Amino acid sequence: MAGDFDTTQLRDLCELIVDCPHSTPLWTDQGVVVLRNQNIRNGRLDLTSPSYTDEAHYEQRSRRARLREGDLVLTREAPMGEVCMVPKTLRCCLGQRMVLLRPDPKKCDSRFLLYAVQSSAVQNEILVNEGTGSTVSNLRIPLLEALPIPSPPLPEQKAIASILGALDDKIELNRRMNVTLEAMARALFQSWFVDFDPVRAKLDGRQPAGLDPATAALFPASFQDSPLGHIPEGWTIDPVGEVVDCVGGGTPSTAEAKYWEGGIHHWTTPKDFSSLQAPILLDTDRKITDAGIARISSGLLPVGTLLLSSRAPVGYLAITAMPVAINQGFIAMKCNQRVSNYFMLNWCQTNMAEIESRATGTTFAEISKQNFRPIPVVLPPKAVIAAFTATVARLYAQITANLRQSRTLAALRDILLPKLLSGELPVISR
């Protein structure tokens, strides 16, 4: 029945709780990883953009304790309550505004504690501390140590962690698969449309690697001069604004309920893109009504539209998996029979430095449609783009399927979490 499990203060479940050094690390281009708040989201450590320090400062920051496999790292502010587990083989130290939790293996399973801290009950206790800092909310160590944590017997902790962990392991596997699939698409684009490998092979009298005869025949065997240097014979250079239809969006007055209340249409801002793990948009935080759609010049954009965030920040990219309206923070590219959204997605990724260089603004960088449209695109014949699209479409279809499955698994995990932690859903017969 619900509420079977007692709670225990966090300090009594841990053999070690260590606050971070209250100093800024010496940042280096390589060395030992320094964990930062932005690396910890949704119970997972994300080292996509790692930060480093040197050996001397690693030793200094590890003076009180060295992080090791199975330790938890909890953020104390900006934001409070994000938590992750230190993985095997990672050598790292604490940045600022975080604390090390080392569960006592005789009392508490590390992965169980990871889920317990993420539970709504514990998170609500953490949020009670909103406003305790002078400028930002701060979870003070005495309050952290006193957090009430559900504490079933150790065998049940391990069983609960195993159930929830299996779901998270599959979500993580899907994420890694998507990284590989996206890298494959990027590699093909780089080979065909940047390095021109098939053309170079034919120029050298070789069969292009990995291409069947029909696909290889689509590529010429020579180059021509262009303002951008040598490009394959017969290919053209056109402004991106003539290749795709570029449109913007808007934000209907948020004070007008008729634009928002009961909305059924997806409406997106760059904020929705900040947590995307692949360039596919499946959902939005807000919905908008028919009346709201009527207030946006670009209206409801079709499935498959490529969105590029034009400010705050410049450079988020995603293809829409559903019709969507956009705010003013995007350039939307409606692709046509000339090019595909997959081609343009990879073109934008490859040319992001050029796109960013055309951004202007004193408060924050922004690229306007006026500055975006003239960027030149090296365009192959339609048949070459069609061959590329047919190949990578399978990759992006699998990416989308993995994302949908992970959303379902995450929803299931979130439903099970409170039921398992409360004892409402027993995992061991008692």
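What this report covers is the structure whose coordinates are included nearby. (Residues numbered from 1 in each chain as written. Predicted model: local features only at pLDDT ≥ 70, side-chain atom pairs only at ≥ 80, totals over all residues. Heavy atoms only, no water.)

**Details of helix 11 (residues 341–350)**
Most of helix 11 is tucked away, with nine of its ten residues classed as buried. All buried positions along helix 11 are accounted for by Asn341, Tyr342, Phe343, Met344, Leu345, Asn346, Trp347, Cys348 and Gln349. (Buried < 20%, exposed > 50% of the residue type's maximum accessible area, 1.4 Å probe, protein only. Helix = DSSP H or I, 4+ residues; strand = E, 2+ residues; numbered from the N terminus.)

**Regarding the packing of helix 3 (residues 110–118) against helix 6 (residues 154–194)**
Two numbers describe how helix 3 lies on helix 6: the axes approach to 8 Å, and their chain directions differ by 70°. On the basis of the axis angle, helix 3 is roughly perpendicular to helix 6. Contact with helix 3, carried on its side by Arg111, Phe112 and Tyr115, involves Gln157, Ile160, Ala161, Leu164, Gly165, Asp168 and Asp169 of helix 6 and no other residues of that element. Looking at the contact of helix 3 with helix 6 residue by residue, the class counts come to five nonpolar, two polar and three charged. (Axes fitted to C-alpha atoms, helices over the stretch in contact; angles between N-to-C directions. Parallel < 35°, antiparallel > 145°, perpendicular 65-115°, else oblique. Contact = heavy atoms within 4.5 Å. Nonpolar A, V, L, I, M, F, W, Y, C, P; charged D, E, K, R; others polar.)

**Remarks on the sheet that holds strand 15 (residues 245–247)**
A sheet is described by the order of its strands in space; here five strands give the open sequence 15-22-19-20-17, paired in mixed fashion. Of all strands in the sheet, those with a lone pairing partner are strand 15 and strand 17 (280–281), marking the two edges. The pairing of strand 19 (residues 306–310) with strand 20 (residues 314–320) spans four bridges and is antiparallel. Bridged to Ser310 within strand 20 is Val314. Strands strand 19, strand 20 and strand 22 (330–334) of the sheet are contacted by helix 11, whose axis makes an angle of about 165° with strand 20. (Pairing = 2+ DSSP bridges.)

**Let's talk about the pairing of strand 7 (residues 72–76)**
When you tally the buried positions in strand 7, you get five out of five residues, the bulk of the element. Neither face of strand 7 is left uncovered, since the one carrying Leu72, Leu74 and Arg76 and the one carrying Val73 and Thr75 both have all their residues buried. The hairpin turn running from strand 7 into strand 8 (residues 80–85), its antiparallel successor, is three residues long, and Ala78 in that turn takes a positive phi close to 50°. Judged from the four bridges that link them, strand 7 and strand 10 (residues 98–103) form a sheet pairing that is antiparallel. Within strand 10, the position partnered with Val73 by the bridge is Leu100.

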